[in-house]
Amino acid sequence: MGTRAVTGTLFVMPKKDDPYAPVPVRRPKPKPRPKPVPAVAVPIPLNDEAHAAFTALLDAPPQPNERLRKSLETPAPWEK
């Protein structure tokens, strides 16, 4: 009895007229991994007025948010 591998499938070549010959074993091919996508910074052109408004929003203190306050005050499950 001989063996021969063919891309992901193992074939067992039985002797002629062998009633106890094993059936071929089919192994699944491994799934290809996705390629990493590099992060790319894309510049967004802004005029001086729009840039000033954008930076003012970033520099402003956050508005009160009841859901965020409740979430921050709730203890984590492993701290209970």
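The model shown is predicted, which means the values in this text are computed figures rather than measured ones.

Thresholds applied
Residues numbered from 1 in each chain as written. Predicted model: local features only at pLDDT ≥ 70, side-chain atom pairs only at ≥ 80, totals over all residues. Heavy atoms only, no water. Helix = DSSP H or I, 4+ residues; strand = E, 2+ residues; numbered from the N terminus. Areas by Shrake-Rupley, 256 points an atom, 1.4 Å probe, with all protein chains shown as cover. Salt bridge = Lys/Arg side-chain N within 4 Å of Asp/Glu carboxyl O. Buried < 20%, exposed > 50% of the residue type's maximum accessible area, 1.4 Å probe, protein only. pLDDT = per-residue confidence, 0-100. Patch = residues over 30% accessible without salt bridge, like charges linked within 9 Å, V, L, I, M, F, W, Y side chains within 5 Å. Polar contact = N/O pair within 3.5 Å; in protein donor to acceptor, adjacent residues only side chain to side chain.

1. A few points about the overall build of the chain
Check the secondary structure of the chain and you find two helices and three strands. A total accessible area of about 8,500 Å² is found for the chain, and carbon and sulfur atoms account for 62% of it.

2. Some thoughts on the pattern of salt bridges
Throughout the structure, instances matching the rule amount to two salt bridges. A salt bridge links R69 to E66; its shortest N-O distance comes to 2.2 Å. With a gap of three residues between them, R69 and E66 both fall in helix 2 (residues 66-73), about one helical turn apart. The exposure class assigned to R69 is partly exposed, which follows from its relative accessible area of 38%. Between R69 and E73 there is a salt bridge, with the nearest N and O atoms lying 2.4 Å from each other. Of the two residues, R69 and E73 are both situated in helix 2; the distance of four residues between them amounts to about one turn of the helix. Counted as one network, the salt bridges with shared partners bring together E66, R69 and E73.

3. Quick word on the confidence of the model for the chain
Put simply, the chain has an average pLDDT of 81, and 76% of its residues get 70 or more. Mean pLDDT across the elements of the chain bottoms out in strand 1 (residues 2-6) (52) and peaks in helix 1 (residues 48-59) (94).

4. Section: a nonpolar patch on the surface
A cluster of nonpolar side chains, I44, L46, F54 and L58, forms an exposed patch at the surface whose accessible area comes to about 440 Å². Inspection of the secondary structure assignment puts F54 in helix 1.

5. What to know about helix 2
With zero of eight residues buried, helix 2 is to be regarded as a mostly surface element. Looking at where helix 2 begins, the residue whose side-chain oxygen comes 3.1 Å from the main-chain nitrogen of R67 is N65.

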